[in-house]
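Descriptive structure summary
The chain contents come next:
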Amino acid sequence: MHDTAKVIAGIAVFLIVVLSPVWYNTVTGQASYVPQLKLPTDEKYCVETAPYMRTNHIELLELWKKIVVRTGKRIYKATDGKTYTMSLAGTCMKCHSNKADFCDRCHNYTNVQPNCWECHVVPKGVKTEATEHAR
Amino acid sequence: MMNRRDFLKLACFSVVGTPARSVFDRLTGKDIAGPTKEGQPKWAMVVDLKMCASKPGCRDCVDACHSIHNVPAFNNPKDEVKWVWTDSYKNIFPEQSHRFVSVEVQTRPVLILCNHCENPPCVKVCPTRATFRREDGIVMMDYHRCIGCRYCMAACPYGARSFNWKDPRPFIKKIKEDFPTRTKGVVEKCSFCEERLAKGLKPACVEACTTKALTFGDLNEPNSQVRNLLASKPNIRRKAYLGTEPKVFYLE
C-alpha cells in the first residue's frame, strides 16, 4: 500500500491534460484575444454611450420594438436629447454599415445568434457574414 | 380583531371574486377594447363594389400592398399568404345572394382584407397577445411574439389571416428593405398600413386604386369622407350579425 508515487504521477498527468488548453492559449497569446470591431468612421457617437450600448443594446432594441409595434410611435429621444427613428435595419445599420466586422464579429465571439435577420432585411451595401441567416 | 367566521367569509369572497372579475372583463370585452381616448382616430375603409368592378381583372391594390410588405407569392392555394385579395360577391356575401340577384352582381369581385373588428375574436384567443387591438382600432400583429399556434386563424370568421408553412423569402419577387419579411411558422395579415399612417400617408391599396373604389378615414371625425359615405349610401359589412363590428364597409 505505498503507491504515493503512482498517485502523484497520475494527478500530474491529469492536470497537464486538463490544463493544456489554458497553457496553449497563454503561450500562443490567444488568451488575451478580443475581437477587433470596425466602428463607423463618419460618425463619432452612438445612440447612447458606447459602454451603455455594449451592455444594453439588447434592451434598447427590445424597447424600440415594443414602442413601435405596440404604440405606433417611432421617435426615440436619446439621453443627450438627440432624436432617432426607432428602426433596427434603418437606424442601427445606417451607421454600423459593416455588420460583418461589428455585430457579427462580436456575436460570433460571444456565441450569440440573434434571429432578427430572418425577418429584418439587411440594407444593401451593408457588409455581412456569409452565414445562412447572416447573424 | 377579525374573528374566525369573518375571516372565512372574506376568504370565500376573495376566492370567488378574483376570477369573477376577470371573467366579467372578458365578457364585456373590457380588457380587449379599452377606452377610446379623446382625439384618437378610429380607422375604417369603405369599398365601392361598382367602382371596383369598373376595371375588370384589376390587381393594382393587391400588387401595391403585397410588394411593399414583402408578401410571398407561392402560386399554390395550400400555402397561399395574402393580406388583401378578391373573391366573388356570391362567396363573400352568401346571405345577400339569393337566386334572383343578377349574375353580374353575383360574380362581381369583392375586395377583402382584415376587417379590423371593434370586437376581434382573434385577439381574444391569442395566448401570447401577439395580436392585439390598438387604441386607434387597428388590429395589429406583433410578429416577435407569434408562436404559430394559429388559434387566431381558427377564430377569424373572415379567413383574413395566413400562415407561413414555408420560408417565405425565396417566394418574394423583390425584397423591399423598408419592411421586414416574416418567417416560417408565423401568422400574418393586413395592418391597415400602420407604418404608412404613422407618416401621414394613406394605406398603399387606397393610394394605388385608380377607380376611386377605396376610401379610408377616421370614423371619429364626423365630417370625414368615410362618415359621409356611410351616412349617405346604403352599405353592408361581412357577417355583421356575429357582433364583431367590422370596420371595412361595402357600398353595393
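All values derive from a computational prediction rather than experimental measurement. Along each chain, numbering runs from 1 in the same order as the chain's sequence is written. Whichever chain is written first is A, and whichever ligand is written first is 1; the rest continue in order. At least 70 in pLDDT is required for a residue's local features to be given in this predicted model, at least 80 for side-chain atom pairs to be given and counted, and no such filter applies to totals for whole chains, interfaces and linings, which use all residues. Side-chain numbers here rest on the full set of heavy atoms in the structure, without hydrogens or water.

1. Considering the overall build of chain B
Here is the rule: To qualify as a helix, a DSSP run of H or I must reach at least 4 residues; to qualify as a strand, a run of E must reach at least 2; elements of each kind are numbered from the N terminus. Three exposure classes are used, based on accessible area relative to the maximum for each residue type with a 1.4 Å probe and protein chains only: buried under 20%, partly exposed in between, and exposed over 50%. By definition, residues are in contact when any of their heavy atoms lie within 4.5 Å. Shrake-Rupley sampling with a 1.4 Å probe provides the accessible areas, and residues are treated as covered by the protein chains on show and by no other component.
Helix and strand counts for chain B stand at eleven helices and ten strands. Residues classed as buried in chain B amount to 47% of the 252 residues present. Counting contacts in chain B only where the partners sit at least 6 residues apart, residues at least 24 apart contribute 64% of the total. Of the roughly 13,800 Å² of accessible surface on chain B, a fraction of 57% belongs to carbon and sulfur atoms.

2. Section: the overall build of chain A
The line we're drawing: The charged-residue count follows a simple rule in which Lys and Arg add positive charge and Asp and Glu add negative charge, with His and chain termini not counted at all. Positions of charges follow a simple convention, taking NZ of Lys, CZ of Arg, CG of Asp or CD of Glu.
Looking only at helices and strands, chain A features four helices and two strands. Start at the N end of chain A and walk to the C end: the helices and strands fall as α-α-β-β-α-α. When the backbone C-alpha atoms are referred to their principal axes, chain A occupies close to 80 × 30 × 30 Å. Within chain A, the proportion of its 135 residues that are buried is 24%. Counted over contacts in chain A with a minimum sequence separation of 6, partners at least 24 positions apart contribute 56%. For chain A, the accessible surface area stands at approximately 9,900 Å², while carbon and sulfur atoms represent 62% of it. Averaging the positions of the 17 positive and the 12 negative side-chain charges in chain A gives two centres separated by 5 Å.

3. Brief notes about the pattern of salt bridges
Just so we agree on the cut-off: A pairing counts as a salt bridge when a side-chain nitrogen of Lys or Arg comes within 4 Å of a carboxyl oxygen of Asp or Glu.
Per the counting criterion, the structure on display carries 22 salt bridges over all chains. Between Lys99 of chain A and Asp104 of chain A there is a salt bridge whose closest N-O contact spans 3.1 Å. Of the two residues examined, Lys99 of chain A and Asp104 of chain A, each falls in the buried class. When the shortest N-O distance is used, the salt bridge between Lys247 of chain B and Glu118 of chain B registers 2.6 Å. Residue Lys247 of chain B is located in the loop between strand 9 (235–236) and strand 10 (248–251), and its partner Glu118 of chain B is located in the loop between strand 3 (109–113) and helix 7 (121–125); the two are separated by 129 residues in the primary sequence. In this structure Lys247 of chain B comes out as buried when scored by relative accessible area, which is 2%.

4. A look at helix 11 (residues 225–232) of chain B
Because each turn of an α-helix spans 3.6 residues, side chains separated by three or four positions end up pointing in the same direction. Residue and element names in this part refer to chain B. Formally: Within this analysis, the arc is defined by the directions that extend from the helix axis to the C-beta atoms.
Val226, Leu229 and Leu230 are the residues of helix 11 that are buried. Take helix 11 and look down its axis: the buried residues cluster within an arc of 95 degrees, on one side only. Among the exposed residues of helix 11, those oriented more than 90 degrees off its buried face are Ala231 and Ser232. In this fold, the buried residues of helix 11 make contact with strand 1 (43–48), strand 8 (214–218), strand 9 and strand 10.

5. Re the sheet that holds strand 1 of chain B
Hydrogen bonding along the main chain pairs the strands of a sheet, whether they run parallel or antiparallel. Residues and elements named next belong to chain B. What counts here: At least two bridges found by DSSP between two strands is the condition for calling them paired. Whenever a helix is involved, its axis is fitted only over the stretch in contact; in every case the axis is a line through C-alpha atoms, and angles between N-to-C directions fall within 0 to 180 degrees.
Strand order in the open sheet formed by four strands is 8-1-10-9, with mixed pairing between adjacent strands. Each edge of the open sheet is held by one strand with a lone partner, namely strand 8 and strand 9. Along the sheet face, helix 11 touches strand 1, strand 8, strand 9 and strand 10 and points at about 110 degrees away from the line of strand 8.

6. Notes on the nonpolar core
Residue and element names in this part refer to chain B. Filter applied, for reference: Nonpolar cores were defined as sets of buried Ala, Val, Leu, Ile, Met, Phe, Trp, Tyr and Cys residues, with membership established by side-chain atoms within 4.5 Å.
Ranked by size, the top nonpolar core spans 45 residues in total, and within it Met45, Val47, Phe93, Val110, Phe192, Leu214 and Tyr250 carry the most contacts. Among the elements that make up this core, the one with the highest residue count is strand 3 (four residues). Excluding residues within four positions of it along the chain, Phe93 makes contact with Leu49, Val110, Ile236, Arg237, Arg238 and Tyr250. Counting eleven residues, the second largest nonpolar core, distinct from the first, contains Val123, Cys126, Met141 and Phe163.

7. Let's talk about the interface of chain A and chain B
For clarity, the threshold we go by: The buried area of a pairing is the accessible area, by a 1.4 Å probe, that goes missing from both parts when the two are put together, added over both. What qualifies as a polar contact is a pair of N or O atoms within 3.5 Å, subject to a donor-acceptor requirement within protein and to the restriction that residues adjacent in sequence count only when both atoms come from side chains. Basically, the charged four are Asp, Glu, Lys and Arg, the nonpolar ten are Ala, Val, Leu, Ile, Met, Phe, Trp, Tyr, Cys and Pro, and anything else, Gly included, counts as polar.
Tallying the contact residues gives 13 residues for chain A and 22 residues for chain B. Roughly 1,400 Å² is buried in total at the junction of chain A and chain B, and carbon and sulfur atoms are behind 52% of that figure. Ranking the residues of chain A by area buried against chain B places Val69, Arg70 and Val121 of chain A at the top, with a combined share of 42%. The interface formed by chain A and chain B includes ten residue pairs in polar contact (both at pLDDT 80 or more). Of the residues that constitute the side of chain A that touches chain B, the class distribution is five nonpolar, three polar and five charged.

8. A look at unusual backbone geometry
Residue and element names in this part refer to chain B. The residue Cys193 is not glycine, and still its phi comes out positive at about 55 degrees. Turning to its location among the elements, Cys193 is positioned in the loop between strand 7 (187–188) and helix 9 (194–197). Assessed through its relative accessible area of 6%, Cys193 is described here as buried. For Glu245, which is not glycine, the phi dihedral falls at a positive 55 degrees. In this fold, Glu245 is placed in the loop between strand 9 and strand 10.

9. Section: the domain arrangement of chain A
Basically, it comes down to this: For the domains described, the bounds stem from an automatic or database domain assignment.
By the assigned domains, chain A splits into domain 1 (1–33) and domain 2 (50–133). For domain 1 of chain A versus domain 2 of chain A, the distance between C-alpha centres works out to 43 Å.

10. What to know about the packing of aromatic side chains
Rules: Only rings of Phe, Tyr and Trp enter the pairing, Trp through its six-membered ring, and a pair is recorded when the two centres are within 6.5 Å. The plane angle decides the type: under 30 degrees is stacked, over 60 is edge-to-face, the rest tilted. In this scheme, Lys NZ or Arg CZ marks a charge over a ring once it lies within 6 Å of the ring centre and within 35 degrees of the ring normal.
In total, this model carries eight aromatic pairs over all chains according to the counting rule given. Between Trp64 of chain A and Tyr76 of chain A, the ring centres sit 5.6 Å apart and the planes meet at 55 degrees, which makes this aromatic pair tilted. Linking Trp64 of chain A in helix 2 (residues 50–71) with Tyr76 of chain A in strand 1 (residues 75–77), this pair joins segments that are twelve residues apart in sequence. Residue Trp64 of chain A shares its accessibility class with Tyr76 of chain A, and that shared class is buried. Ring plane angle 50 degrees and centroid distance 5.3 Å describe the contact between Tyr89 of chain B and Phe93 of chain B, whose orientation is recorded as tilted. Both residues of the pair, Tyr89 of chain B and Phe93 of chain B, count as buried. Ring-pair connections join several aromatic residues into one group, and the members of that group are Trp43, Phe192 and Phe216 of chain B. Looking at Arg150 of chain B, its charged tip hangs above the ring of Phe163 of chain B, at a distance of 4.8 Å from the centre.

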